[in-house]
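Chain residues, written in single-letter form:
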Amino acid sequence: LSTGENKGNFLFAWSYQWRDILKKRFDAYFKNQEAKGVAEAIVFGYKEDLDQDWMDAFSKTGTIHVLAVSGLHVGIIFFLLSNILGLSRSKGCSLQLKSALAVLSLFFYALLTGVSPSVSRAALMFSTVIVGKAIGRDSSIYNTLCFAAFILVLIDPMSIFNVGFQFSFLAVVGIVFYNDYFRTLLPQSTWLGDRIVSLLAVSMAAQLVTFPLGLYYFHQFSNYFLVSNLLVIPCITIILYAGISFVALGWIADGIAHFCAWLIEVYIQFIYAVVHFLEKLPFAFFQNV
C-alpha cells in the first residue's frame, strides 16, 4: 500500500549538501586523518571521522565539549561577526541591516552544524541580544535564556529530555550566576591575568552546576578540567578562526587553504599532546561513579 511520496526537509538537505562539500575540501588539504576528524568536528560539526582514542582522551580530561559544536563556537562566531561588521559602532539603518546579516549568519552556521540544542540555544540568545540592540532595547540574560528554552521546547517538547539541552542551559545558568563570584576570588591587574582568571571562572561556574548531571549520565568526572580547559579553549578559538578562513578564503587562494590546514593541524596536535598527558596523570579522573 503506497502512503505517498516521502519528502525530506529541504533545509536539512541543503545543509547536508554543504557539509559534503566542506568534507571534500578537508579531505583534500588535511594530511593527518585524526587531526582532520577533530577539525571537521570543531569547524562544522561532522563527527563521523573522529578517532575513538581521541574521543576517550577528551572525555577523560573534561574537554569533550570542544568536539561538539556548542555555544562556545557560536560565541566565537558572534565575536568575529561583531568585529567584522562593526556592530558596536553602527547606528540607525546601518545597524539594523548589519544586525539582520549577523542573525542570518548565526542561523546559517547553526543549520550547517546540525542544529543541536546547544547551538540553537546560543544562536537564539545572541540573535535576541542583536535584535534588542538594533531596536534600542536592553536585554536580560535570564529572560533571553528563558526565551530560547521556550522556543526550543515549543518546536520540540521532547528536547527537554535531550542531554545536550540540559547541559547547555544549566552551564549558562552556572556561568551567569557564579562567574563574577569566582572572578572576585582572584582579582587581577594585568590583561593576561584577567583573561586567565576569566577562563578559569567560566570553567568553574559551568562545572559547578553540570557535574551532577555528568555523573548521572556518564559516571565519570575529570579532576584536571581546569588545566585542560585553560590550555585547550584558546587553541579551539584559533582553530575555529583558521577553519573559517580555510572555508571562506581557501577557495580564492590555494596557498591560504594550505596554510590554514597546516595551522589547524599544528594546534590540534598540541591539544592531542595536552589531553593525552593529562589523561595519564595519577587521579586524572573518577570513573564508574
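What comes next is a walk through the structure. The structure displayed is predicted, hence computed values, not measured ones. (Residues numbered from 1 in each chain as written. Predicted model: local features only at pLDDT ≥ 70, side-chain atom pairs only at ≥ 80, totals over all residues. Heavy atoms only, no water.)

1. Things to note about a nonpolar patch on the surface
For the record, the criterion: To count toward a patch, a residue needs a relative accessible area over 30% and no salt bridge; like charges are then connected within 9 Å, while nonpolar side chains (Val, Leu, Ile, Met, Phe, Trp, Tyr) are connected within 5 Å. In these tables, accessible area is a Shrake-Rupley quantity obtained with a 1.4 Å probe, and a residue counts as shielded only by the protein chains included in the view. Here, a salt bridge means any side-chain nitrogen of Lys or Arg that lies within 4 Å of a carboxyl oxygen of Asp or Glu. Here a helix means four or more residues in a row that DSSP labels H or I, a strand means two or more in a row labelled E, and each is numbered from the N terminus. Three exposure classes are used, based on accessible area relative to the maximum for each residue type with a 1.4 Å probe and protein chains only: buried under 20%, partly exposed in between, and exposed over 50%.
A contiguous nonpolar surface patch, about 750 Å² in accessible area, is contributed by W14, W18, I21, F108, L249, W251, I252 and I256. Within the element layout of this structure, W251 appears in the loop between α10 (225-249) and α11 (254-279). A residue is classified by how much of its surface remains accessible, and W251, at 49% relative accessible area, is partly exposed.

2. Observations regarding the environment of R25
Basically, it comes down to this: We call two residues in contact whenever any of their non-hydrogen atoms come within 4.5 Å of each other.
Its location among the elements puts R25 in helix α1 (residues 10-29). Overall, the relative accessible area of 14% leaves R25 in the buried class. Each C-alpha atom, one on R25 and one on A257, is 9.2 Å from the other, the two residues being 232 residues apart in sequence. Apart from residues no more than four positions distant in its own chain, R25 is found in contact with F246, G250, W251 and A257.

3. Side note on helix α9 (residues 191-218)
Threshold: To get the bend at a given residue, fit one axis to the seven residues ending there, fit another to the seven starting there, and take the angle between those axes. Polar contact is defined as a pair of N or O atoms within 3.5 Å, subject to the rule that within protein one atom must be able to donate a hydrogen and the other to accept it, and that residues adjacent in sequence are counted only when both atoms are side-chain atoms.
Along α9, the largest kink reaches about 50° and is centred on T210; proline P212 follows within four residues of it. Taken residue by residue, α9 has G193, V197, S198, L199, A201, S203, A205, A206, T210, L213 and G214 as its buried positions. At the N-terminal boundary of α9, the capping side chain belongs to T190, with an oxygen 3.1 Å from the backbone nitrogen of G193. Following α9 by one or two positions, H219 adopts a phi angle in the positive range, close to 60°.

4. Examining helix α2 (residues 33-44)
This is how it is decided: One less than the number of residues in a helix, times 1.5 Å, gives the span that helix is expected to have.
In this model α2 runs 16 Å from its N-terminal to its C-terminal C-alpha over 12 residues, within 8% of the 16 Å that 1.5 Å per residue would give. Here α2 lies mainly inside the structure; 10 of its 12 residues are buried. All buried positions along α2 are accounted for by A35, K36, G37, V38, A39, E40, A41, I42, V43 and F44. For α2, the secondary structure elements touched by its buried residues are α1, α3 (52-60), α4 (71-85), α5 (92-112), α10 and α11. Backbone nitrogen of E34 and a side-chain oxygen of the N-cap are separated by 3.0 Å at the start of α2; the cap is N32. Immediately beyond the C-terminal end of α2, within one or two residues, lies G45, with a positive phi of roughly 75°.

5. Quick look at the nonpolar core
Note the threshold: Only buried Ala, Val, Leu, Ile, Met, Phe, Trp, Tyr and Cys residues count toward a nonpolar core, and they belong to the same one when joined by side-chain atoms within 4.5 Å.
Ranked by size, the top nonpolar core spans 33 residues in total, and within it F30, F246, I268 and I271 carry the most contacts. When contributions to this core are tallied by element, the ones reaching two or more residues are α1, α2, α3, α10 and α11. Looking at this core, the element that brings in the most residues is α11, giving 8 residues. Dropping the residues within four chain positions of it, I268 is found in contact with A35, V38, A39, W54 and I239. Residues I77, V103, A110 and I130 belong to the second largest nonpolar core, which totals 20 residues.

6. Regarding the packing of aromatic side chains
To be explicit about the condition: Aromatic pairs are defined between Phe, Tyr and Trp rings, using the six-membered ring for Trp, whenever the two ring centres lie within 6.5 Å; interplanar angles under 30 degrees are classed as stacked, those over 60 as edge-to-face, and all others as tilted. Criterion for a charge above a ring: Lys NZ or Arg CZ within 6 Å of the ring centre, and within 35 degrees of the ring normal.
One pass over the structure, following the stated rule, counts 20 aromatic pairs. Ring centres 5.5 Å apart and planes at 65° place the aromatic pair Y181 and F182 in the edge-to-face group. Since its relative accessible area comes to 15%, F182 is described here as buried. With 5.9 Å between their ring centres and 35° between their planes, F259 and W262 make a pair best called tilted. With F259 and W262 both in helix α11 and 3 residues apart, this pair spans about one turn of that helix. Each residue in the set F26, Y29, F30, F44, Y46 and F246 is aromatic and connected to the rest through ring pairs, giving one cluster. In this structure, R25 is placed above the aromatic ring of F246, and the distance from its NZ or CZ to the ring centre is 5.7 Å. The cationic tip of R25 hangs over the ring face of W251; the distance from NZ or CZ to the ring centre is 4.1 Å.

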